[in-house]
Amino acid sequence: MRRFRLPASTLQQKTLLYATKRPYSTTPPHPTDIWQTEPKPGDTVYVGMSGGVDSSVTAHLLKSKGLNVQAIFMRNWDTRDEHGECPSEADWRDVQKVCQKLDIKCHQINLVKEYWTNVFAAALDEYSLGRTPNPDILCNQQIKFGVLMSEINKRLGSAEWFATGHYARTKRRGNQTELHKGVDDKKDQSYYLARVGSHKLNNVVFPLGSLIKNKDVRKIAKDVGLHNAEKEESMGICFVGERRRFDRFLAEYLPQTPGDIVSRDGHNLGTHQGLFSKTIGQSAGIPGWQQKWYIYNKDIATNRMLAVQDRTHPLLHTREIDADGILWISGSAPKGLETNGSRLDLTAQIRHMQLPQKCTVSRTASGSIRATFETAQFGVAPGQYLVLYDGDQCLGSAVIQTPK
């Protein structure tokens with residue numbers, strides 16, 4: 001297998017940046033280690049394209065290496081906005097325009113039904129219980145690196161390679177494919193890929209993993225003449241959009257059950273519109289006070305939210321987190337965590353773009369894991385994903401159940 005190579009000067013620059021900014025890994029080098037493998041000229045690569053600059057540059061980079069690149073646009077949502085247009089229609093037009101520029105084929109695959117069943121309905125169930133799921137992680141696990149890859153094989157023929165514009169990297173270690181953080185600290189997306197197993201990553205490439213978004217990727221797009229070189233990033237959850245308040249969006253699908261927001265001593269502060277409407281650590285939105293109130297807990301039985309003042313309040317921070325539903329990317333627990341009661345020093349994130357936090361992870365008798373942090377973490381909510389790292393390698397993730 002060959003390495004996915006950048007020009008020597010760029011590679012040297014990225015390697016230096018990587019070496020100076022990444023945390024030390026406890027995993028020693030392996031004789032068969034090889035950074036992201038590269039398809040051979042003539043191989044077919046299907047590129048998941050969204051209409052944005054990242055996936056467009058991904059397609060260009062692969063095409064420039066003599067590969068048979070074909071674009072795949074995944075339609076997973078079809079609700080129309082106030083102007084009668086589904087946002088994905090504009091994205092599809094952008095994809096078509098880029099593909100025309102790059103002279104590559106493009107295909108649209110409709111996965112609205114699958115997305116609703118496997119991602120949106122599952123997220124609604126969690127929100128209805130007052131929990132805080134992450135639909136983007138679910139989408140990568142269930143749809144983009146699951147159903148979509150199966151549909152490509154079924155409709156277009158066996159896919160030799162699949163590529164996306166994620167800022168992440170892979171490394172071959174023996175017969176395993178590891179997931180690593182992208183070099184761009186401000187764009188790393190390994191958190192969102194933390195439930196994609198090694199067997200699904202074997203034939204996946206992330207050409208942007210060693211690039212910097214604002215310095216490298218946009219410049220490449222401009223140099224190539226892509227019309228979306230300056231297109232703004234999509235920052236919202238895909239099915240919500242960026243112009244809508246999330247709680248109001250959820251209220252269209254979940255029954256609004258108003259309840260009280262109360263202080264620790266039971267003083268009534270205000271009213272919420274449903275346990276789904278606010279998450280742990282979020283402002284309670286109580287007017288008339290000099291200091292803000294923040295949600296620190298939800299009482300499902302009484303339909304109440306509990307709030308305290310000041311972000312530094314101890315009830316908003318936790319040092320110990322229990323999580324279950326663990327998915328190890330390699331398929332098995334890392335060395336040091338194979339048995340109940342075992343412990344391993346790692347780093348973890350409970351949200352995207354959080355700085356990695358030092359913690360000790362242990363296996364419990366029930367098979368779940370417990371993370372004990374050196375520094376108390378703010379706003380930990382049941383339903384969030386605890387994503388574990390060894391240096392810059394993403395080991396896997398688990399669903400937070402009980403912050404303590």
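As the structure is a computational prediction, the values presented were derived from the model and not from experiment. (Residues numbered from 1 in each chain as written. Predicted model: local features only at pLDDT ≥ 70, side-chain atom pairs only at ≥ 80, totals over all residues. Heavy atoms only, no water.)

### Some remarks on the sheet that holds strand 6 (residues 105-110)
- If you walk across this open sheet you meet the 5 strands as 6-5-4-7-10, and the pairing is parallel. Every interior strand has two partners, whereas the edge strands, strand 6 and strand 10 (204-205), have only one.
- Of the pairings in the sheet, the one linking strand 4 (residues 44-48) to strand 7 (residues 161-163) comprises 3 bridges and is parallel in character. By the bridge assignment, Val 45 is partnered in strand 7 with Trp 161.
- Packed onto the sheet, helix 2 (residues 53-63) meets strand 4, strand 5 (68-75), strand 7 and strand 10 and runs at close to 170 degrees relative to strand 4. (Pairing = 2+ DSSP bridges. Helix = DSSP H or I, 4+ residues; strand = E, 2+ residues; numbered from the N terminus. Contact = heavy atoms within 4.5 Å. Axes fitted to C-alpha atoms, helices over the stretch in contact; angles between N-to-C directions.)

### Here we look at the packing of helix 2 against helix 7 (residues 213-224)
- Remark: helix 2 packs on helix 7, axes separated minimally by 10 Å, with the N-to-C direction vectors making an angle of 65 degrees. When the axes of helix 2 and helix 7 are compared, the crossing they make is left-handed. When helix 2 is examined against helix 7, the residues Val 53, Asp 54, Val 57, His 60 and Leu 61 are found in contact with a partner set consisting of Lys 213, Val 217, Arg 218, Ile 220, Ala 221 and Val 224.
- Of the residues contributing to the contact of helix 2 with helix 7, the split by class is 7 nonpolar, 1 polar and 3 charged. (Left-handed = near helix turned anticlockwise from the far one by under 90°. Nonpolar A, V, L, I, M, F, W, Y, C, P; charged D, E, K, R; others polar.)

### A few points about helix 2
- Among the 11 residues that make up helix 2, 9 are buried, leaving the element largely enclosed by the rest of the structure.
- Turning to helix 2, its buried residues are Val 53, Asp 54, Ser 55, Ser 56, Val 57, Thr 58, Ala 59, Leu 61 and Leu 62. (Buried < 20%, exposed > 50% of the residue type's maximum accessible area, 1.4 Å probe, protein only.)

### Focus on the sheet that holds strand 14 (residues 304-309)
- Ordered by their spatial adjacency, 4 strands build an open sheet running 12-11-14-13, and the pairing between neighbours is mixed. The open sheet has two edge strands with one neighbour each: strand 12 (268-272) and strand 13 (293-299). Each neighbouring strand pair of the sheet contributes to a mean axis angle of 30 degrees, computed without reference to strand direction.
- As defined by bridge partners, strand 13 adjoins strand 14 across 6 bridges and the pair is classed as antiparallel. Opposite Tyr 294, over in strand 14, you have Val 308 as the bridge partner.

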